[in-house]
Structures are given as C-alpha cells and as structure tokens.
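What follows is each chain in one-letter form.
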Amino acid sequence: MSTELLYLSSADIHDLQITPREAREAVIGAFRDNAAGRNVGLPKSVITIDPYSWFISMSSASEGDSLAAVKWVALVPVEATQTRSRINGLICLSDYKTGVPIAVLDGNSITLIRTAAMSAAAAIYLAPETPATIGLIGCGLQAFSHLDAFVDLFPSLRRIYLLSRSVRSAERIATAASEKPLDPIIATDPEALLSECEIVVSMVPGSPGLKPFLDARSLPSSAFASAVDGGKSWRPETFAAFDRLVTDSLEQYTSPLGASGGLVESVKFEDDLVHLASGSSRPRAPMRALFGFQGFGIADLALAGLAIRKARAFGIGATLPR
C-alpha cells in the first residue's frame, strides 16, 4: 500500500502547461466513455448555507483509467474588502482497484481548465464552423481560460467583445486578447454585443439582486452560447429563441438556471454532451444553440487524471506522507 500522496498546488498545475487541445480531448474522451458506460459521475451533493453559499461534492470513477475522484467545493460570496476567492476547491484521487488515495490537487485550477474545455467541447458540435467573433460576458479568471480555449479551437476568430462590471477586468482580458492576436472591443451594451457575436460565453456570478439581462433574440441566426453561469444571466422568456438547448448531462440537469438559482421550468434541455460526444448526433446549421451546464464530475476526473500523468512524467508536485 502506498504511504505517499502527490500534491499539486495551483502553481504546479500551471507548470504542467496543459494545452487547450489536451484539455478538450480529455473532456470529450470522458463524455464519450460515459456514453459507453465506461465511467460514472454522480449528481452533485449540496449543502446550502444560504441562497448564495454552498458546499458541493462531486464524485466520479473510471475503471478504464483506474481512477476515482471527489471534488469538494465551497462557494461563498466575497465582500469588497476581502481578497479571498469566491470559489475554493480540492480534488482527491484514489486508485480505482485498491481504493488507495494517490493524489490531492488544487480544485480551482483544474476547474478553470475543465470548464473552458467543456465549453469548447460543446462548441465543436454546436457552434458555427468558422466564427470570426466571440463575446465574453464577465471578465474574471474564467474569461482567460475561455479565451485560450476558443482561440485554440477556432483560428478563424478575429474580434472579441468584452462586457464586465469592472472596466479594469475587461482591460486585462483585452490585453491578453491583443496578444493572440484578436481585436478587442470593450462593450457597454449587452444587446449590441450579442448582435455582433457568433460565440458568446456568459460567466456572470450569482449574487443578491441579480437580474437577467441577456436576450437570446439579439443573437445572430447562427450562434453558440455557452452559459457557464447555468443560464442565470439570460432572460428566461427568451430561451425559446434558441433552436437547441443542450446541457452536459440530462440525467442530472433538466432546465437552465434562473437568477435565483432555481430551475427555469418553462423550458427543458433536449440533448446533452454525453450524447453529442458519442458521435450519434450532428445538429443542423445554421442555428442558435445554448450549452447550459453546472459541471459534471467526469470532466474533473478527466482533467485531474491528465494532470497527474503529466506531473509524474515531468517530476512536478510535492510528495506528502499520509
């Protein structure tokens, strides 16, 4: 039995230099395996502290990869005077056959990579083939990872529109986008942004008093929207303007989220990434498509497995006694 654990900090995971392509292929492989019954991911288990604070656990396992994982995440609002992250998580990996714990990873870093990889994976099946414009709504850390993921996936991108409550945050993304190189435009009007963008990623954090402000009817007739926020920033009455409503797992999620965190019961997801990745569905274009998701543990398992393989190959990380 092993008496040691591999620990990968946020800095370690950065040093692994996981590419957007590696992350995307790992996620697609995990969803393809799930469709074939080769891995399992359980629904989230949630402890609610208040309407905007949760402790969440996500469990998954893959016999083929000989790994099992649990991600433990806390989401707690941050006051203006605080510097801590709103989201804090860890991932614990165990050997599938022996049950022996083998690694602990910083969950925040893996989640950033995983989430952008899921958006990009869905875009393969749902987005226009050669988009020139992308819009990021919310310019926090997820915006950086989504910028990298979509520039890698779509070399055709030429312009990026940025909308954020913080001009400084938008300017940071604009600087990064200029180096890709994309032509960055900092927007102030959400409807004008939507009307210009073939790809939109909404990453608006839930907060007291949040009012949905995105109107799907403003999108071009051929457009892809990835709702990293679950759909909270989109006006519920406009979901009908999407030709396709897709999530990561229909077994776990039935509808987009409203601003309060509850389900929007007036619409239902009709397909999921599990099905799309299986290769049995190819949607027709042009269309407006929404990928609304809240996270599926098999994607975290896939990225954590990729991380420890690279860490072992390059000698990255700390070895800790149990």
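Definitions and limits used
Residues numbered from 1 in each chain as written. Predicted model: local features only at pLDDT ≥ 70, side-chain atom pairs only at ≥ 80, totals over all residues. Heavy atoms only, no water. Helix = DSSP H or I, 4+ residues; strand = E, 2+ residues; numbered from the N terminus. Rg over C-alpha atoms; globule rule 2.2 N^0.38 Å. Areas by Shrake-Rupley, 256 points an atom, 1.4 Å probe, with all protein chains shown as cover. Lys, Arg positive; Asp, Glu negative; His and termini not counted. Charge placed at Lys NZ, Arg CZ, Asp CG, Glu CD. Pairing = 2+ DSSP bridges. Contact = heavy atoms within 4.5 Å. Axes fitted to C-alpha atoms, helices over the stretch in contact; angles between N-to-C directions. Parallel < 35°, antiparallel > 145°, perpendicular 65-115°, else oblique. Left-handed = near helix turned anticlockwise from the far one by under 90°. Nonpolar A, V, L, I, M, F, W, Y, C, P; charged D, E, K, R; others polar. Polar contact = N/O pair within 3.5 Å; in protein donor to acceptor, adjacent residues only side chain to side chain. 1 Å grid on protein atoms, 1.4 Å probe; cavity = no way out; pocket = protein on both sides within 12 Å on 5 of 7 lines; lining within 4 Å. Points joined across faces, edges and corners; volume = space filled by probe spheres on them. Phe/Tyr/Trp six-rings, centres within 6.5 Å; stacked < 30°, edge-to-face > 60°. Buried < 20%, exposed > 50% of the residue type's maximum accessible area, 1.4 Å probe, protein only.

## Regarding the overall build of the protein
Working step 1: Within the protein, the secondary structure is distributed over eight helices and 16 strands.
Working step 2: Taken over the C-alpha trace, the protein has a radius of gyration of 19 Å; the compact-globule value for 322 residues is 20 Å, and the two agree within 12%.
Working step 3: Each principal axis of the C-alpha atoms in the protein carries an extent, and together these give about 60 × 45 × 40 Å.
Working step 4: Carbon and sulfur atoms make up 54% of the accessible area of the protein, which totals about 14400 Å².
Working step 5: Averaging the coordinates of the 29 positive side-chain charges in the protein and doing the same for the 33 negative ones gives two points 1 Å apart.

## A closer look at the sheet that holds strand 11 (residues 199-202)
Working step 1: Read from one edge of the open sheet, eight strands run 10-9-8-11-12-15-13-14, paired in parallel fashion. The two strands at the open ends of the sheet, each matched to only one other strand, are strand 10 (183-186) and strand 14 (271-272).
Working step 2: Bridge count between strand 12 (residues 223-227) and strand 15 (residues 288-292): five bridges; the pairing is parallel. Looking across to strand 15, one finds that Ala227 is bridged to Gly292.
Working step 3: Against the sheet, helix 4 (residues 141-153) engages strand 8 (133-137), strand 9 (159-163), strand 11 and strand 12, with an angle of about 155 degrees to strand 11.
Working step 4: Packing of helix 5 (residues 167-178) onto the sheet brings it into contact with strand 8, strand 9 and strand 10, and relative to strand 10 it is tilted by some 165 degrees.

## Some points on the packing of helix 2 (residues 20-35) against helix 8 (residues 297-314)
Geometry of a packed helix pair, given as the angle between the helix axes and the separation of the axes.
Working step 1: Between helix 2 and helix 8, the least distance of the axes is 9 Å, while the angle of their chain directions is 130 degrees. Of the possible angle classes, the one that applies to helix 2 and helix 8 is oblique. Crossing handedness for the pair helix 2 and helix 8: right-handed. Contacts between helix 2 and helix 8 involve Glu22, Ala23, Ala26, Val27, Ala30, Phe31 and Asn34 from the former and Ile298, Ala299, Ala302, Leu303, Leu306 and Lys310 from the latter.
Working step 2: Tallied by class, residues from the contact of helix 2 with helix 8 come to ten nonpolar, one polar and two charged.

## Some words on unusual backbone geometry
Working step 1: Lys180 connects to Pro181 through a cis peptide bond whose omega is 5 degrees.
Working step 2: When you line up the elements, Pro181 lands in the loop between helix 5 and strand 10.
Working step 3: Even without being glycine, Ser66 reaches a positive phi, approximately 55 degrees.
Working step 4: Counting through the fold element by element, Ser66 comes out in the loop between strand 4 (53-62) and strand 5 (67-75).

## A look at the side chain of Asn39
Working step 1: Relative to the helices and strands, Asn39 resides in strand 2 (residues 39-41).
Working step 2: A polar contact of 2.9 Å, which involves the side chain of Asn39, links it to the backbone oxygen of Ala30.
Working step 3: In this structure the side chain of Asn39 is engaged in a polar contact, spanning 3.0 Å, whose partner is the side chain of Asn34.
Working step 4: Setting aside residues up to four positions removed in sequence, Asn39 forms contacts with Ala30, Asp33, Asn34, Ala61, Ser62 and Ile298.

## A closer look at the packing of helix 3 (residues 107-126) against helix 8
Working step 1: Packing of helix 3 against helix 8 brings their axes to within 9 Å, and their N-to-C directions diverge by 120 degrees. One way to sum up the angle between helix 3 and helix 8 is to call them oblique. In this structure, helix 3 meets helix 8 at a crossing whose hand is right-handed. Contacts between helix 3 and helix 8 involve Ile110, Thr111, Ile113, Arg114 and Met118 from the first element and Ala299, Asp300, Leu303, Ala304 and Ala307 from the second.

## Things to note about empty space enclosed by the protein
Working step 1: Within this structure, the stated rule accounts for one cavity of 30 Å³ or more.
Working step 2: Roughly 30 Å³ of volume is contained in the largest cavity.
Working step 3: If you trace the largest cavity, you find it lined by Lys71, Val73, Ile87, Asn88, Gly89, Gly107, Asn108 and Thr111.
Working step 4: Among the elements of the structure, strand 5, strand 6 (87-95) and helix 3 are those that each provide at least two residues to the lining of the largest cavity.
Working step 5: Taken together, the residues of the lining of the largest cavity sort by class into two nonpolar, five polar and one charged.

## Details of the packing of aromatic side chains
Working step 1: Under the criterion given, the structure shown has five aromatic pairs.
Working step 2: Ring geometry for Phe31 versus Phe296: centroids 5.8 Å apart, planes at 65 degrees, classification edge-to-face. Here Phe31, found in helix 2, pairs with Phe296, found in the loop between strand 15 and helix 8; they are 265 residues apart in sequence, far enough to count as distant. The exposure classification of Phe31 matches that of Phe296, with both residues buried.
Working step 3: Aromatic side chains Trp234 and Phe242 sit 5.6 Å apart centroid to centroid with 65 degrees between the ring planes, which places their arrangement in the edge-to-face category. Summarising the burial analysis for this pair, Trp234 and Phe242 share the class buried.

## A word on the pairing of strand 4
Working step 1: Burial of strand 4 is extensive: eight of the ten residues sit out of reach of the surface.
Working step 2: Pairing geometry for strand 2 and strand 4, over three bridges, is antiparallel. Within the sheet, the bridge partner assigned to Gly41 lies in strand 4 and is Ser60.
Working step 3: In terms of strand pairing, strand 3 (residues 45-50) meets strand 4 through five bridges, oriented antiparallel. Within the sheet, the bridge partner assigned to Ile47 lies in strand 4 and is Phe55.
Working step 4: Counted between consecutive antiparallel strands, the loop separating strand 3 from strand 4 contains two residues.

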